[in-house]
Amino acid sequence: MSVTENRKPGRPRDPDLEARRKAQILDTAARVFATFGFANTQVQTIANHLGVGNGTVYRYFPTKEQLFLSAVERGLKELETEMDGVLAQPHQGADLIRAAVRAYLGFFHRRPEMAELFIQERAAFPHHHRPLYFVTKNAEAECKHEAFFNHLVSAGAIRAVPRDRFFNVLGDLLYGTILTNLLTGRPSDPDAQAADVLDVVLNGVLAAKETR
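Quick look at the structure, then. No experiment lies behind these values; they were computed from the predicted model shown.

1. A few points about the nonpolar core
Leu 67, Phe 108, Leu 117 and Phe 166 are the most contacted members of the largest nonpolar core, which totals 54 residues. Setting aside anything within four residues of it in sequence, one finds Leu 67 in contact with Ile 25, Leu 26, Ala 29, Phe 33, Ile 46, Val 57 and Phe 61.

In structure tokens:
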């Protein structure tokens, strides 16, 4: 369905039309930006992929910068919603970590263009980029992470290490995995990669006699 939709005189306005149009534009923009890069992408190129004039795109997003950042923000919201859904499930102990890691890597496996956009954002807008879920930058995220961490500690699933260290290490491992997948172009199996990450994080690499 094209972004442009003809509405006959007298036809009731569809209250969801603007949301559907924006979503279609952002879906296409994310793929085009990921393919050609922020600097090399013209709004006209995105409009061509949509089969509309660039004026239609500008009607919803007045600048290329706003369109790009809106695509990034939408991706972050999708990731946040998916992860929040996982953390709200009745997983017990370490199963909660397992479910979260699988969901995180699975998201980027299905949406590799979002990993590319997050990298581009850091290059084009170094003072603007947002954290990728596991880093807390606001009170809402802090509250979610505190509940997640406290559940793991109270269930005896993890040691009472500093909370920030736990999330920073886990976030760095996962972000490094998706970054390596993207930059090397290696085929990725999110379930297999999640199993590897979880094995090292949860079980460690030292033999029992070497642990302190």
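So, next bit.
2. Section: helix H2 (residues 43-50)
Among the residues making up H2, those that are buried are Val 43, Ile 46, Ala 47 and Leu 50. Across the axial projection of H2, the buried residues extend over an arc of 100°, all falling on one side. More than 90 degrees from the buried face of H2, the exposed residues found are Asn 48 and His 49. Its buried side turned inward, H2 meets helix H1 (17-36), helix H3 (54-60) and helix H4 (64-87). Looking at the residues trailing H2, positive phi occurs at Gly 51, about 75°.

3. Quick notes on helix H7 (residues 139-154)
An ideal rise of 1.5 Å per residue puts 22 Å on 16 residues; H7 measures up with 22 Å between its terminal C-alpha atoms. Restricting attention to buried positions, one finds in H7 the residues Ala 141, His 145, Phe 148, Phe 149 and Leu 152. The buried residues of H7 all sit within an arc of 95° when viewed along its axis, so they share a single face. Among the exposed residues of H7, those oriented more than 90 degrees off its buried face are Ala 139, Glu 140, Cys 143 and Ser 154. Along its buried surface, H7 packs onto H4, helix H5 (94-110) and helix H8 (163-184). Count one or two residues on from H7 and you reach Gly 156, which has phi positive near 75°.

4. Structural notes on a nonpolar patch on the surface
Taken together, the side chains of Val 169, Leu 173 and Val 201 make up a nonpolar region of the molecular surface, amounting to roughly 220 Å² of accessible area. Within the element layout of this structure, Leu 173 appears in helix H8.

5. Quick word on the pattern of salt bridges
Applying the stated criterion to the full structure yields 10 salt bridges. We note a salt bridge from Asp 95 to Arg 98, for which the minimum N-O separation is 2.9 Å. Of this pair, Asp 95 and Arg 98 both sit in helix H5, 3 residues apart, roughly one helical turn. Under the relative-accessibility criterion, Arg 98 is labelled partly exposed at 28%. Several salt bridges share partner residues, and in doing so they unite Asp 27, Arg 74, Glu 78, Arg 111 and Glu 113 into one network.

Definitions and cut-offs
Residues numbered from 1 in each chain as written. Predicted model: local features only at pLDDT ≥ 70, side-chain atom pairs only at ≥ 80, totals over all residues. Heavy atoms only, no water. Core = buried A, V, L, I, M, F, W, Y, C linked by side-chain atoms within 4.5 Å. Buried < 20%, exposed > 50% of the residue type's maximum accessible area, 1.4 Å probe, protein only. Contact = heavy atoms within 4.5 Å. Helix = DSSP H or I, 4+ residues; strand = E, 2+ residues; numbered from the N terminus. Arc of directions from axis to C-beta. Expected span 1.5 Å × (residues − 1). Patch = residues over 30% accessible without salt bridge, like charges linked within 9 Å, V, L, I, M, F, W, Y side chains within 5 Å. Areas by Shrake-Rupley, 256 points an atom, 1.4 Å probe, with all protein chains shown as cover. Salt bridge = Lys/Arg side-chain N within 4 Å of Asp/Glu carboxyl O.

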